[in-house]
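# Remarks on the overall topology
Single-letter residue listing:
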Amino acid sequence: MRRLRAGGGVVEWEQRFADVDVKSLVRALKKQGGRPAGGQELFSVQFFQLPQTSTFKDGSVAQVMEGRHVSGFGRVRQEGSRVSLTIKKFIEVNGKKMAEESEVKVDNFADACNVLLAAGFRRQQFQEKLRQTWKVPAMGVKEVVIDVYPGLNAYVEVECNTEAAMDEATKALGLDPA
């Protein structure tokens with residue numbers, strides 16, 4: 001799936017790939033000058049379903065979404081010592097699916113989950129995964145993340161600042177968008 005993502009005035013392209021051969025991808029990343037941005041980290045993620053009715057004080061979401069179903073989710077994620085609370089909403093703009101994302105850093109995983117529950121979100125699934133992030137600046141790639149879930153094949157996400165960079169990067173890395 002390829003989609004345009006916007007949040008906080010930033011627009012980026014992101015594409016996801018399932019069942020990726022990690023060894024081949026790592027070789028391709030190194031060939032393109034990619035470097036790991038650290039070691040593998042354990043991520044713990046609690047997902048939440050959006051409340052049935054969401055109204056925001058500034059009215060911006062209500063105006064954009066007026067009369068349309070809002071899909072998306074809430075999430076609390078712990079990456080090592082970093083914890084974040086994120087709300088993602090999916091909208092369609094000019095025929096392209098777009099994710100609108102709002103994220104804040106928080107101090108405590110459990111407290112952040114309790115805030116979402118108190119706001120009417122419903123707890124969904126909990127996931128743990130190992131993630132390794134790669135940087136490939138020469139190709140216009142913001143980052144390539146390799147996620148490994150227990151008992152499943154690797155899942156990869158590529159983020160670029162332009163669609164042209166995405167086309168070039170996925171081809172050079174041998175990633176099939178099909």
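For the structure itself, consult the block above.
Residues numbered from 1 in each chain as written. Predicted model: local features only at pLDDT ≥ 70, side-chain atom pairs only at ≥ 80, totals over all residues. Heavy atoms only, no water.

### Considering the overall build of the protein chain
Along the backbone of the protein chain there are four helices and ten strands. Ordered by position from the N terminus, the helices and strands of the protein chain form the series β-β-α-β-β-α-β-β-β-α-β-β-β-α. Residue burial in the protein chain is summarised as follows: out of 178 residues, 42% are buried. Considering only contacts in the protein chain between residues 6 or more positions apart, those separated by 24 or more positions represent 63%. With an accessible surface of roughly 10200 Å², the protein chain has 50% of that area assigned to carbon and sulfur atoms. (Helix = DSSP H or I, 4+ residues; strand = E, 2+ residues; numbered from the N terminus. Buried < 20%, exposed > 50% of the residue type's maximum accessible area, 1.4 Å probe, protein only. Contact = heavy atoms within 4.5 Å. Areas by Shrake-Rupley, 256 points an atom, 1.4 Å probe, with all protein chains shown as cover.)

### So, the pairing of strand E10 (residues 155–160)
Among the six residues that make up E10, five are buried, leaving the element largely enclosed by the rest of the structure. Here strand E9 (residues 141–148) pairs with E10 via six bridges, running antiparallel. What sits directly across from Val-141, in E10, is Cys-160. Between E9 and E10, which pair antiparallel one after the other, the connecting turn spans six residues, and Gly-151 there sits at a positive phi close to 80 degrees. (Pairing = 2+ DSSP bridges.)

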